[in-house]
Amino acid sequence: MKGMILLANGFEDMEMITTLDLLRRANIEVYTFAVKDENKVLSQSRVYYESDYLLKDAILSEYDFLVIPGGKAVFNDLNSDVVNNVVLDFVKREKLIASICAAPTILGKLGLLENKNFTCFPSLDGDVTGGIYMKQSKVEVAGKYITSRSAGTAIEFALKIIEELKGTEEANRIQNVIYYNVEVK
């Protein structure tokens, strides 16, 4: 099992780092891919990260799941035919797609969340055509789609991805490893 995380200038740091970290703690093979033709990607908080690979060099069929962090990147570099084509490839192959914050709008604009429960950054729900917005929800799973509300729900988002890929036991193990919502005795 191998996954990709898309990175574009303006991505939300917490959403990417938290997800990457927790997935790797769960021994899930996951790599970052720069959408533009440069490995150096500037985050929303103005920190440069170096991606593992460039998206243009990816062989999509080698990947089993896709993660799209939100942030300002969703309105810039992620708002592209290249990213839409990647998403549609994963849809065609019936692979898991996880998006957080503003990123569910990418799925929404493609009509992928129609008649499905979803959540996203509170002011962006109108950008998701035909979906059922779950305003109070931190994370929603609808078939092969995981959506999450914001940077503040990044841990729940990552744990849900782990649960979908490796089961509840592994998600609980990771939750305990990081002492998230665990009573310390």
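Being a predicted model, the structure only gives us computed values, none of them experimental.

Chemist: Before we go on, may I ask you to explain the sheet that holds strand 7 (residues 96-100) in this structure?
Modeler: The strands that make up a sheet pair up through hydrogen bonds in the backbone, lying either parallel or antiparallel. Taken in spatial order, the seven strands of this open sheet run 5-2-1-6-7-11-10, and their pairing is mixed. The two strands at the open ends of the sheet, each matched to only one other strand, are strand 5 (53-54) and strand 10 (139-142). Bridge count between strand 2 (residues 29-34) and strand 5: two bridges; the pairing is parallel. Among the inter-strand pairings, A34 is bridged to a residue of strand 5, identified as L54.

Chemist: What is the right way to look at the environment of S148 in this model?
Modeler: Mapped onto the elements, S148 comes out in strand 11 (residues 145-148). The class of S148 is buried, set by a relative accessible area of 0%. Residues S148 and D21 lie 127 residues apart in sequence; the distance between their C-alpha atoms is 17 Å. With sequence-adjacent residues up to four places away left out, S148 is seen in contact with S99, I100, C101, P104, T119, C120, K138, V139, T153 and F157. Reaching out from S148, the side chain makes a polar contact with the backbone oxygen of K138 at a distance of 2.8 Å. A polar atom in the side chain of S148 sits 2.7 Å from the side chain of T153.

Chemist: Before we go on, may I ask you to explain the pairing of strand 11 in this structure?
Modeler: Consecutive side chains along a regular strand alternate between the two faces of the sheet. A two-sided burial pattern is seen for strand 11, the buried positions comprising Y145 and T147 on one face and I146 and S148 on the other. Here strand 7 pairs with strand 11 via four bridges, running parallel. Residue pairing for strand 11: A98 is matched across the bridge by I146. Bridge analysis of strand 10 against strand 11 gives four bridges, and the strand direction is antiparallel. Across the sheet, residue V141 finds its bridge partner in strand 11, namely I146. Turn length for the strand 10-strand 11 hairpin, with the two strands adjacent in sequence and antiparallel, is two residues, and the turn residue G143 shows positive phi of about 65°.

Chemist: Just checking my understanding: could you explain unusual backbone geometry for this structure?
Modeler: One can expect most non-glycine residues to show negative phi and most peptide bonds to be in trans. The backbone of R46 shows a phi angle near 70°, a positive value even though the residue is not glycine. With respect to the helices and strands, the residue R46 is situated in the loop between strand 3 (40-42) and strand 4 (48-50). Since its relative accessible area comes to 65%, R46 is described here as exposed. For Y179, which is not a glycine, the phi torsion comes out positive at approximately 55°. Looking at the element boundaries, Y179 is found in the segment after helix 5 (168-177). A relative accessible area of 54% places Y179 in the exposed class.

What counts as what
Residues numbered from 1 in each chain as written. Predicted model: local features only at pLDDT ≥ 70, side-chain atom pairs only at ≥ 80, totals over all residues. Heavy atoms only, no water. Pairing = 2+ DSSP bridges. Helix = DSSP H or I, 4+ residues; strand = E, 2+ residues; numbered from the N terminus. Buried < 20%, exposed > 50% of the residue type's maximum accessible area, 1.4 Å probe, protein only. Contact = heavy atoms within 4.5 Å. Polar contact = N/O pair within 3.5 Å; in protein donor to acceptor, adjacent residues only side chain to side chain.

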